[in-house]
Structure formats: structure tokens, C-alpha cells
Amino acid sequence: GDGHIAVRSVRGLRFAFVGLSGVGNAVDRTALHTLIHQARAQADVVIVQFHWGKEYETYPLSTAGVAPDDPRVIGRLAIDDGADLVIGNHPHCVQGSEGFKGKLIAYAHGNFIFDQDWSTGTMEGVVGVYTFSGTTLVAVRSVPTRIADNTWVVRPLDPTTGEGAAILARMLRSTAELAGTRAPIHRPDLSNGQNACT
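Small disclaimer: the values here were computed from a predicted structure and weren't measured.

1. Comments concerning a nonpolar patch on the surface
- On the surface, Phe112, Ile113, Val127 and Trp152 cluster together into a nonpolar patch covering about 370 Å² of accessible area.
- Take Ile113: it is sitting in the loop between β6 (103-106) and β7 (124-133).
- Classification of Ile113 as exposed rests on a relative accessible area of 53%.

2. Quick word on the pattern of salt bridges
- This model, assessed by the stated rule, comprises 11 salt bridges.
- The salt bridge involving Asp69 is made with Arg29; its shortest N-O contact spans 3.2 Å. Pair noted here: Asp69 is in the loop between β3 (45-51) and α2 (71-80) and Arg29 is in helix α1 (residues 29-42), with a separation of 40 residues, a long-range link.
- Its relative accessible area of 9% is what places Asp69 among the buried residues.
- For the salt bridge of Arg170 with Glu124, the shortest nitrogen-to-oxygen distance reads 2.9 Å. Of this pair, Arg170 sits in helix α3 (residues 162-179) while Glu124 sits in strand β7, placing them 46 residues apart in sequence.
- The class of Arg170 is buried, set by a relative accessible area of 13%.
- One salt-bridge network, held together by shared partners, links Arg40, Asp84 and Lys103.

Scoring rules and cut-offs
Residues numbered from 1 in each chain as written. Predicted model: local features only at pLDDT ≥ 70, side-chain atom pairs only at ≥ 80, totals over all residues. Heavy atoms only, no water. Patch = residues over 30% accessible without salt bridge, like charges linked within 9 Å, V, L, I, M, F, W, Y side chains within 5 Å. Areas by Shrake-Rupley, 256 points an atom, 1.4 Å probe, with all protein chains shown as cover. Salt bridge = Lys/Arg side-chain N within 4 Å of Asp/Glu carboxyl O. Helix = DSSP H or I, 4+ residues; strand = E, 2+ residues; numbered from the N terminus. Buried < 20%, exposed > 50% of the residue type's maximum accessible area, 1.4 Å probe, protein only.

Printed below as a string of C-alpha cells:
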């Protein structure tokens, strides 16, 4: 929940999850700082989850009146405040990741279970698998998924072929855009009936 801390122990390691929303209003930077420091006092690893960014984009952007903060600025601020991992969502599209000061910011995992069946891209997502050795993130794997038509059952896809490979290729393209090795693709605002997340 927005502004709450949840702590879970996994194999003797304490993980704190902090949730904040930047949709509807800007992220309260003072609250972000305070929550991360409170979480750090309770856990070995602090993971900050954000609801942020412009919808239907594969590159993290702000959007006036909806999600006013630039996810790249807020994600980096969370790392500066002590987060070990930042995971975002809201764009309904899979977006890339970037490293910052030895930590990872995963901007968006797309949709997992959602009712936006008007576009192939909004029926797709990934499940992030984050592996820690002690308090260090040592591996990341993204499992591509697709919401099945008319059943709303999420099924994992083969990451090496077809739609699964295309989803991961889109993530890699977005990651290259974040790294500055490829120019970002920005789209005009989309409405129902148009294919998002391409």
C-alpha cells in the first residue's frame, strides 16, 4: 500500500517493501526519504515499489496531470536514499531497467492481470525474478507472460521464441534507450483500439 512498509524474512534475510504512488500527485520526496530510512532500520534489503510514469510507453516518462514525476529522477532518488532495488509499474507496458550506483531500477513489468484486452501489448508482461546473495542483487531474470484471451489466466511464455522473445526484445530495446545507446521511441497519446507498447 501507498506509504506502508512490509517486512518479510526469507532464509534469514529480512526484506522490506516500501510502496509509493506518483500517479495523481507527485511523489512526496520527504516521505520517500523517511520511509526508506524506517525500512532500513527493520530490514537487510530495502525494495521500493512505485506506481509511476506515462501509460502505454516503453520508455519511462512523466505525464502532466497524471504522473508528474520523471521515473528516472524518482528511481535514482530512491537509490540515493538507500533503496537496494526499485521496481515500478503503471505504464501497462514492459519497460527496461538501468543500473545506478550499483543498484537496479526496473521501470515497469507490464500488465500481469488486467482488463486492457484492446491491445496485444497491454496483455503482456514479465515476472521479475531477483536473486540476492546476502544483501547483494546477483541475478535478474524476466519471465515473459501473456494474459489469455477471455479467461484472464496468466501464462508464462517461452523466452526464446515467438511472443515471449518479442517481449524480452522490447525490454532490451528500452534498456538500450535508457543507456543512451539507442534513441528513445516516443509515441503520440494512444486511445483504445490502437496497439500500445510496440
